[in-house]
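# Coordinate analysis (summary)
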Amino acid sequence: MKEIIAENYSIFFNDNGYDALTYHLKSYNYSKIFIHLDTNTNKYCLNVLLNKVKINDFETIISKDGENYKNIESCMLLWEKLSLLGADRKSLIINLGGGVVGDMGGFIASTFKRGIDFINIPTTLLSMVDASIGGKTGIDLGVLKNQIGTFYDPKMVIIDSTYLKTLSQTEIRSGYAEIFKHSLISDIELFQRLIFESNNNVLYNDKVIKGSIKIKNDIVLIDKKENKERKALNFGHTLGHAIESFFLKSEKRLLHGEAIGIGMILSSYISHKLFDFNSTNLDLIKNHILNVYKKINFSKMEISKIIELLKHDKKNSHGNINFILLREIGVPVYDIQVDSKMIVDSFEYYNN
Ligand SMILES: NC(=O)c1ccc[n+]([C@@H]2O[C@H](COP(=O)([O-])OP(=O)(O)OC[C@H]3O[C@@H](n4cnc5c(N)ncnc54)[C@H](O)[C@@H]3O)[C@@H](O)[C@H]2O)c1
């Protein structure tokens, strides 16, 4: 499988990736190599990597797993450990994990000694098709996600779906939402393949993963700093995040991908109303998402509280709620303001 070229690095697949890594380690002659893991990838993924590639002399640095630990306290522990173990400006960090390991490890690398090299080897579906690509690193600030961070590119990314064998179906389904989103914002053929050929027990294959990565990479190449085109990657996320936050502490707690899936149905409905987005495709999107994720029923009270949450979302610039919508599959429209009544209607479309 040929690599994908990003701005300052390449994304390699399977054995090509491990060959590229071996070559890279030989040519860069790093003073020390650190493999950054979380508790799960230490258990499930480290041996897979070490069976694929010979890395002489390395230290592991291990974070606790999950979003709750993507914070400055974990960074302090990592920076201290690097320092204690003698990391210097010529050291390398290899992030072997999901989006949390990658985002936090990239952030650590971008700040330690004013920036050292790092490599991403993503081990979840979401981090393969999304988090490991595009140069955003970061951590959360309290409950606010990704508030502190940098743009800092890895030296390379290696994609190997072997790691997904130990990932739970729940996490696979969660990551699938980003693959589906990529098809909606940019690729009608992928959209049709996902809708008509997908098998709900196997939501990915190497071709789908590669196609999805290519979509994200192409967008980042045009607009890395998210001035316009990159915003399309937020399709479904404005409402999705509000829904995810709303149910965070309740028994209805949703997977990230589930919430984004609902957000994509609502945004497609609004696109239909405001931009004449094709109604057959709208129904196909709704049915597909409801085949993959369970249906939630939103009460009137929940809908109005979610809309309140949206209004307080700090990510909206100048106090406006900006939506990414679709004119048609593959044709996003940017920064559209939507009134509350239209959002309520979109929930009704979802509910019925
Ligand atoms: N930088 C970006 O552009 C970008 C884009 C999207 C998402 N993100 C970030 O990505 C994060 C979410 O990433 P995620 O969904 O990968 O979550 P995650 O990193 O928390 O991984 C999910 C769970 O799977 C476990 N795990 C990872 N790989 C495994 C494997 N192969 N086998 C068994 N268990 C495994 C992890 O330990 C964790 O418990 C969020 O913090 C989000 O903000 C970043």
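Just so it is clear, the structure is predicted and the values come from calculations on it, not from any experiment. (Residues numbered from 1 in each chain as written. Predicted model: local features only at pLDDT ≥ 70, side-chain atom pairs only at ≥ 80, totals over all residues.)

### As for the overall build of the protein chain
Assigned secondary structure in the protein chain consists of 14 helices and 11 strands. For a compact globule of 352 residues, the expected C-alpha radius of gyration is about 20 Å, and the protein chain comes in at 20 Å, within 12% of that figure. Across its three principal axes, the protein chain shows a C-alpha extent of roughly 60 × 40 × 35 Å. Taking the contacts inside the protein chain whose residues are at least 6 apart along the sequence as the reference set, 74% of them involve residues at least 24 apart. (Helix = DSSP H or I, 4+ residues; strand = E, 2+ residues; numbered from the N terminus. Rg over C-alpha atoms; globule rule 2.2 N^0.38 Å. Contact = placed C-beta atoms within 7 Å.)

### A look at the domain arrangement of the protein chain
Entries for the protein chain in the domain assignment read domain 1 (4-166) and domain 2 (169-351). Computed from C-alpha coordinates alone, the two centres of domain 1 and domain 2 are separated by 28 Å. Taken together, the contact between domain 1 and domain 2 spans 19 residues of the former and 21 residues of the latter. Among the secondary structure elements, those contributing two or more residues to the side of domain 1 that touches domain 2 are β2 (10-13), α6 (125-131) and β8 (144-151). In terms of residue count, α6 provides more of the side of domain 1 that touches domain 2 than any other element does, 5 residues in total. A per-class count over the side of domain 1 that touches domain 2 returns 13 nonpolar, 4 polar and 2 charged. (Domains from an automatic or database assignment. Nonpolar A, V, L, I, M, F, W, Y, C, P; charged D, E, K, R; others polar.)

### Points about helix α11 (residues 256-275)
With 20 residues, α11 should reach 28 Å at 1.5 Å per residue; the first-to-last C-alpha distance of 27 Å fits that figure. Of all 20 residues in α11, 16 are buried, a share of seventy percent or more. Directly after α11, the chain includes D276, whose backbone phi takes a positive value near 65 degrees. (Expected span 1.5 Å × (residues − 1). Buried ≥ 20, exposed ≤ 12 C-beta atoms within 10 Å, placed from the backbone.)

### What to know about unusual backbone geometry
Excluding glycine, residues mostly carry a negative phi; peptide bonds, for their part, are mostly trans. For N29, which is not glycine, the phi dihedral falls at a positive 45 degrees. The topology assignment puts N29 in the loop between α1 (14-28) and β3 (33-38). Residue classification places N29 among the exposed positions, given that 7 C-beta atoms sit within 10 Å. Backbone geometry places N146, a non-glycine residue, at a positive phi of 50 degrees. Judged by local crowding, N146 falls into the partly exposed class, with 15 C-beta atoms found within 10 Å.

### Structural notes on the site of the ligand
Lining the immediate environment of the ligand, one finds 29 residues, of which N40, G98, G99, T124 and A131 sit closest. Where the shell around the ligand is concerned, the elements lending two or more residues are α2 (39-44), α5 (99-111), α6 and β8. Residue composition of the shell around the ligand, by class: 8 nonpolar, 12 polar and 9 charged. (Near = placed C-beta within 6 Å.)

### Quick look at the environment of V208
The topology assignment puts V208 in helix α9 (residues 206-222). The exposure class assigned to V208 is buried, which follows from the 23 C-beta atoms found within 10 Å. For the pair formed by V208 and S183, sequence separation is 25 residues and the distance between their alpha carbons is 10.0 Å.

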